[in-house]
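Here is how the chains run, residue by residue.
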Protein chains: 2
Amino acid sequence: MLNGIEIVRPEEIEKRSMEIITQELGGRTWPEPEFSIVKRCIHTSADFDYADQLCFSKDAARLGVEALRRGAVIVTDTKMAWSGINKKKLMEYGGEAYCYMTDEDVAKEAKQRECTRAAVCMERGAALDREVIFAVGNAPTALIRLYELIQEKKVSPALIIGAPVGFVNVVEAKELIMNAGVPYIVPRGRKGGSNIAATICNAMLYVKE
Amino acid sequence: MLNGIEIVRPEEIEKRSMEIITQELGGRTWPEPEFSIVKRCIHTSADFDYADQLCFSKDAARLGVEALRRGAVIVTDTKMAWSGINKKKLMEYGGEAYCYMTDEDVAKEAKQRECTRAAVCMERGAALDREVIFAVGNAPTALIRLYELIQEKKVSPALIIGAPVGFVNVVEAKELIMNAGVPYIVPRGRKGGSNIAATICNAMLYVKE
């Protein structure tokens, strides 16, 4: 006990945090596994706005969970999101997480084509011969490129987690991907981030079988 | 142009974002380099609460910038924060970033001593024969252990970025570290995260010489 700080065992902290979040949501609930995702986004950010902003296409969370259990891979647009994903848990299902952002050839290709590295990364993900969940935590251009690839029938994502954060083109890119005809989980508006993209992946990985 | 989304060059996006943030802050300003840190936290989270919550001890941001320019290292409590730090820029000043969280011996020692891995990681950082900035984005126990180490005169950090996020012991651990007698940058309250810890480091690295 130091200056009134009670020692709480690490495994207790998460349990108690979730209880506080549930209590402060004041009776609002979602069907599972959506509710777990809402709570985990709040747990990661301490920001209750996610309760209002998170949008799920029909059955998106369940479809995501099922894809992960079939061994779907996750493609991210940031190393931070990649770092935050529980890759040990993902591997138990046969999945892997990829981020191509720091690959030298991606930077080179983006420069040549005058597009963003994130757009090129989404193309790499689309070219994988695997079921793919795209987890976007930073670049609206990643969502825009995914939208185009879907229209061109070059990719059919198991799920798109569309959580870029920011002030320029972010709101618009999220609205675009919500009209792409594929399963999505999107925190509408400006908010999001690599931490949110990663925590949504983890929430789906932690759903009890 | 796709569904009303204007193509903005990547280097323009950040500039425009910062203009929007400045505008929406409605005339509120801080002395530099604090202002850059406030803006970058909002840029990373799209959450204007950081304007109200960020606390700086006297000259903390300037002291952090100076330490980085002398080649200070950064020790984080999460791989996500480590991932988010611009290590290329850090290396230009002779610095490095360390995160010991996934080291096997750290897990082993934490288990034996019945403490958290984050607490052990802070001890590893304190034992470095370098000037150290601690960037904490997750574990209140990291801040509590740092407080103890400071009291025991086992470490004298150049700066503590105290930005854990959450609902249990987070608020209290932040208040504790703000009374440790060392330079700090702390988003008071529940909010924070690895993204915030990393972005505060980057804001200091990007200060123009």
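Quantities reported herein were computed from a predicted structural model and do not represent experimental measurements.

A.B. asks: Could you clarify how one ought to interpret the packing of aromatic side chains in this entry?
C.D. replies: Two descriptors summarise a pair of aromatic rings, namely the distance from one centre to the other and the angle between the planes of the rings. Considering all chains together, one arrives at six aromatic pairs over all chains under this definition. Between B:Trp30 and B:Phe35, the aromatic rings sit 5.8 Å apart at their centres with planes inclined by 25 degrees, giving stacked as the arrangement. Under the relative-accessibility criterion, B:Phe35 is labelled buried at 9%. One residue, A:Lys39, lies across the ring of A:Phe35, its end atom 4.3 Å from the ring centre. Above the face of the A:Trp82 ring, A:Lys79 is positioned so that its terminal group lies 5.4 Å from the ring centre.

A.B. asks: Sorry, what's going on with the relation of the copies chain A and chain B here?
C.D. replies: Here the two chain copies are tied together by a rotation about an axis and a shift along that axis. For these two chains of identical sequence, chain A goes onto chain B by a turn of 180 degrees and a shift of 0.0 Å along the axis, with RMSD 0.0 Å. Both copies are brought into coincidence by an operation consistent with a two-fold rotation axis. Among all C-alpha atoms of chain A, that of A:Met80 lies closest to the rotation axis, at 2.5 Å. Looking at chain A, 100% of its interface residues are interface residues in chain B too, so the copies touch through the same face.

A.B. asks: What is the right way to look at the interface of chain A and chain B in this model?
C.D. replies: By a widespread convention, an interface's size corresponds to the accessible area lost as its parts come together. Across the contact, 40 residues belong to chain A and 40 residues belong to chain B. Both sides of the chain A and chain B interface together cover about 3200 Å² of buried area, and 71% of this is carbon and sulfur. Among the residues chain A hides against chain B, the three largest losses belong to A:Ile5, A:Met80 and A:Phe167. Together they make up 22% of the total. The interface formed by chain A and chain B contains four salt bridges. The closest approach of N and O atoms between A:Asp47 and B:Lys191, which form a salt bridge, is 4.0 Å. If you look at where chain A meets chain B, you find four residue pairs in polar contact (both at pLDDT 80 or more). Breaking the side of chain A that touches chain B down by element, the ones donating at least two residues are helix H1 (10–24), helix H2 (34–45), helix H5 (79–84), helix H9 (140–151), helix H10 (170–177) and helix H11 (194–205) of chain A. It is H1(A) that contributes the most residues to the side of chain A that touches chain B, seven residues altogether. Class assignment for the residues of the side of chain A that touches chain B results in 18 nonpolar, 13 polar and nine charged.

A.B. asks: Explain the environment of B:Leu128 here, please?
C.D. replies: Mapped onto the elements, B:Leu128 comes out in the loop between helix H8 (117–126) and strand E4 (132–136). Overall, the relative accessible area of 25% leaves B:Leu128 in the partly exposed class.

A.B. asks: I keep staring at the pattern of salt bridges and nothing clicks. Help me out?
C.D. replies: All names here are of chain A. The final tally for this structure, using the stated rule, is 42 salt bridges over all chains. The salt bridge partner of Glu-19 is Lys-15, with a shortest N-O separation of 3.5 Å. In this pair, Glu-19 and Lys-15 are both assigned in helix H1, four residues apart and thus about one turn of the helix distant. For Lys-15, a relative accessible area of 48% gives the class partly exposed.

A.B. asks: When you look at the pairing of E4(B) in this model, what are you seeing that I'm missing?
C.D. replies: Residues in a regular strand project their side chains so that they alternate between the two faces of the sheet. All names here are of chain B. Most of E4 is tucked away: five of the five residues are buried. A two-sided burial pattern is seen for E4, the buried positions comprising Val-132, Phe-134 and Val-136 on one face and Ile-133 and Ala-135 on the other. As defined by bridge partners, strand E2 (residues 73–76) adjoins E4 across four bridges and the pair is classed as parallel. Residue pairing in the sheet places Ile-74 in a bridge with Ile-133 of E4. Here E4 runs beside strand E5 (residues 159–162); their pairing, made up of four bridges, is parallel. Bridge pairing in E5 places Ile-133 opposite Leu-159. Assessed by its sense of winding, the connection that carries the chain from E4 through helix H9 (residues 140–151) to E5 is right-handed.

The rules behind each value
Residues numbered from 1 in each chain as written. Chains lettered and ligands numbered in written order. Predicted model: local features only at pLDDT ≥ 70, side-chain atom pairs only at ≥ 80, totals over all residues. Heavy atoms only, no water. Phe/Tyr/Trp six-rings, centres within 6.5 Å; stacked < 30°, edge-to-face > 60°. Buried < 20%, exposed > 50% of the residue type's maximum accessible area, 1.4 Å probe, protein only. Lys NZ or Arg CZ within 6 Å of the ring centre and 35° of its normal. Least-squares fit on C-alpha atoms with pLDDT ≥ 70 in both. Contact = heavy atoms within 4.5 Å. Buried area = accessible area lost by both parts, 1.4 Å probe. Salt bridge = Lys/Arg side-chain N within 4 Å of Asp/Glu carboxyl O. Polar contact = N/O pair within 3.5 Å; in protein donor to acceptor, adjacent residues only side chain to side chain. Helix = DSSP H or I, 4+ residues; strand = E, 2+ residues; numbered from the N terminus. Nonpolar A, V, L, I, M, F, W, Y, C, P; charged D, E, K, R; others polar. Pairing = 2+ DSSP bridges. Right-handed = clockwise from strand over helix to strand, strands pointing away.

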